[in-house]
Amino acid sequence: MNNPDERIIATASAPGMSERGIVRLSGPDVFHVVGRFFRVRGVEVNKPERPAILLGTLTLWPEEAVSLAVPCRLYFWPAGRGFTGQEAVELHLPGTPALLDATLAALVATGEVRMAGPGEFTLRAFLAGRIDLTQAEAVLGVIDAVDTRTLEAACEQLAGRLASELVRLRERLFDSLCLLEAGFDFAEEEIDFITNAELTRQLESAREQVDALCRRAVDRDGGTALPQIVLFGQANSGKSTLWNALCGRFTPGFGDTAVTALVSSEPGTTRDYLEQPIELAGRRFLLVDTAGREEESTSPVSVTAWSKTSERVRQAGVVLWCQARSAGPFNESERPQTNGVILPVVTKCDLPCGVEDSCGRSNAASDSGAVVTSAKCGLGLDTLSARIVALASSDESCEVVATTAHRCREALVTARADLTRALTLAARGDDDVLIAAELRHAIDQIGLITGQVCTEDLLDRIFSRFCIGK
């Protein structure tokens, strides 16, 4: 599939009837193949020297007793000017499936062009250096977009926003590495090309950027594009009741049937996580209820349930850190470990605002940034939904398409660990050779994301998800 010397062809428009259908070709001198069938006012045309749009007719089966001439708009890009980097042609025809199939069959029958494989056009664009891997995956993100937000995110990534940031990060790390290695050549002269303080500052800045990228590259649990809101807290902290209230309040409107969580005063009622799409301010999210932690339980079921909870929390875009009002202030030692943002939520606040409960605590919890709620009477649910949307929107420019997030998360976590080790070595004043080794590995991990470092197996996994013609 990866032979760039072969000419390829495929339908590039969606299946079914339409006003216009598109047949796309790429490869050396593809205009020569199309030129046998294309005419302008009945006359053959020479290959243009520059990108061009030609209006004419495409004649199928010209050697047969019965031929078919159909209106055709031909778009031409010479080598180096089109998406794939090769000479490329698009035939815009009436969007009748039978006509498009007949066009494919006639051109393939010449023996000079073959049907393209899944994602082969985009793969050629990548191999030609026209796009990097994040932009290639953004092509699939545009196709799979479920709403305006995910479409906008995919378009921004396709335009190179994520790629340019990764390239700049990699270049800064390269600069630091070069300064370190320059010092190796002048070790006896004791020349410092970069001070330990400056190196530490650069490493900390790079790690902060990788941390931010990790938050953006939240794994969407198998590829769903919906941002995840995960409820987290100790057992019997009111998570499931709040989950039911949010689902009941914000599920109607787009046809999903809300699932109901089992609620009980006994700790450990929820053992597995539950998922439900909800809609807040016109945006869709995936709301996830998780098992609470039972401090005194060591049963295999509890351990497994908590392991699943921890995994979903790490993947979350927003974590609702739930705690019942009667439990007192939030304990920072119990703070969830996540790449997302954390919103403390005080639950079971059935008393009116400003009135102390039986424990003598007031609703001043809201002063610490927590949202005060009562699933029973609906207190604070609208405020909570507004805060969720605001937190999600504050990182809106950081959206990453789901396929990229799924693929690059491990590389980013590894790069962050490399930079952390490099910082530890620098703080101890260890040999710069060890620091340089950590930097090289971090640079390679970032290169895996953009495709500056890649393998054939990686390319096969990425482009096998594409449809024919893209």
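Residues numbered from 1 in each chain as written. Predicted model: local features only at pLDDT ≥ 70, side-chain atom pairs only at ≥ 80, totals over all residues. Heavy atoms only, no water.

Engineer: Just checking my understanding: could you explain the sheet that holds strand S13 (residues 371-372) for this structure?
Structural biologist: Within a sheet, adjacent strands bond to each other through the backbone by hydrogen bonds, running parallel or antiparallel. One open sheet accounts for six strands, arranged S9-S10-S8-S11-S12-S13; its pairing is mixed. The open sheet terminates on both sides in strands that have one partner only, identified here as strand S9 (274-280) and S13. Alignment of strand S8 (residues 228-232) against strand S10 (residues 283-289), held across four bridges, turns out to be parallel. The partner of Leu-231 across the bridge, within S10, is Asp-289. Its contacts with the sheet put helix H8 (residues 239-250) on S8, S9, S10, strand S11 (318-324) and strand S12 (341-347), and the angle it makes with S9 is roughly 45°. (Pairing = 2+ DSSP bridges. Helix = DSSP H or I, 4+ residues; strand = E, 2+ residues; numbered from the N terminus. Contact = heavy atoms within 4.5 Å. Axes fitted to C-alpha atoms, helices over the stretch in contact; angles between N-to-C directions.)

Engineer: Would you mind showing me how to read the packing of helix H7 (residues 196-216) against helix H11 (residues 402-428) here?
Structural biologist: Geometry of a packed helix pair, given as the angle between the helix axes and the separation of the axes. Look at H7 against H11: their axes get within 9 Å of each other, and the N-to-C directions meet at 160°. By the criterion of interaxial angle, the relationship of H7 to H11 is roughly antiparallel. The handedness of the crossing between H7 and H11 comes out as left-handed. Contact residues: Asn-196, Thr-200, Leu-203, Glu-204, Ala-206, Arg-207, Val-210, Asp-211, Leu-213 and Cys-214 in H7; Leu-412, Val-413, Arg-416, Leu-419, Thr-420, Ala-422, Leu-423 and Ala-426 in H11. Across the contact of H7 with H11, the residue classes break down as eleven nonpolar, three polar and four charged. (Parallel < 35°, antiparallel > 145°, perpendicular 65-115°, else oblique. Left-handed = near helix turned anticlockwise from the far one by under 90°. Nonpolar A, V, L, I, M, F, W, Y, C, P; charged D, E, K, R; others polar.)

Engineer: Teacher, can you tell me more about the packing of aromatic side chains here?
Structural biologist: Across all of its chains, the model carries three aromatic pairs by this definition. Considering the side-chain rings of Tyr-75 and Trp-77, the 6.3 Å spacing of their centres and the 20° angle between planes classify their relative orientation as stacked. The ring of Phe-121 has Arg-24 sitting right over it, with the charged end atom 5.6 Å from the ring centre. (Phe/Tyr/Trp six-rings, centres within 6.5 Å; stacked < 30°, edge-to-face > 60°. Lys NZ or Arg CZ within 6 Å of the ring centre and 35° of its normal.)

Engineer: Sorry if this is basic, but what is going on with the pattern of salt bridges here?
Structural biologist: Opposite charge on two side chains permits pairing when their charged atoms draw close. According to the stated counting rule, one finds 19 salt bridges in the structure shown. Salt-bridge contacts for Arg-7 lead to Glu-112; the nearest nitrogen and oxygen are separated by 3.5 Å. On the criterion of sequence distance, the pair formed by Arg-7 in the segment before strand S1 (8-11) and Glu-112 in the loop between helix H2 (97-108) and strand S7 (114-115) is long-range, its members being 105 residues apart. According to the relative accessible area criterion, Arg-7 is buried, its value standing at 19%. Among the ionic pairs, Arg-201 bridges to Glu-198, the shortest N-O distance being 2.6 Å. (Salt bridge = Lys/Arg side-chain N within 4 Å of Asp/Glu carboxyl O. Buried < 20%, exposed > 50% of the residue type's maximum accessible area, 1.4 Å probe, protein only.)

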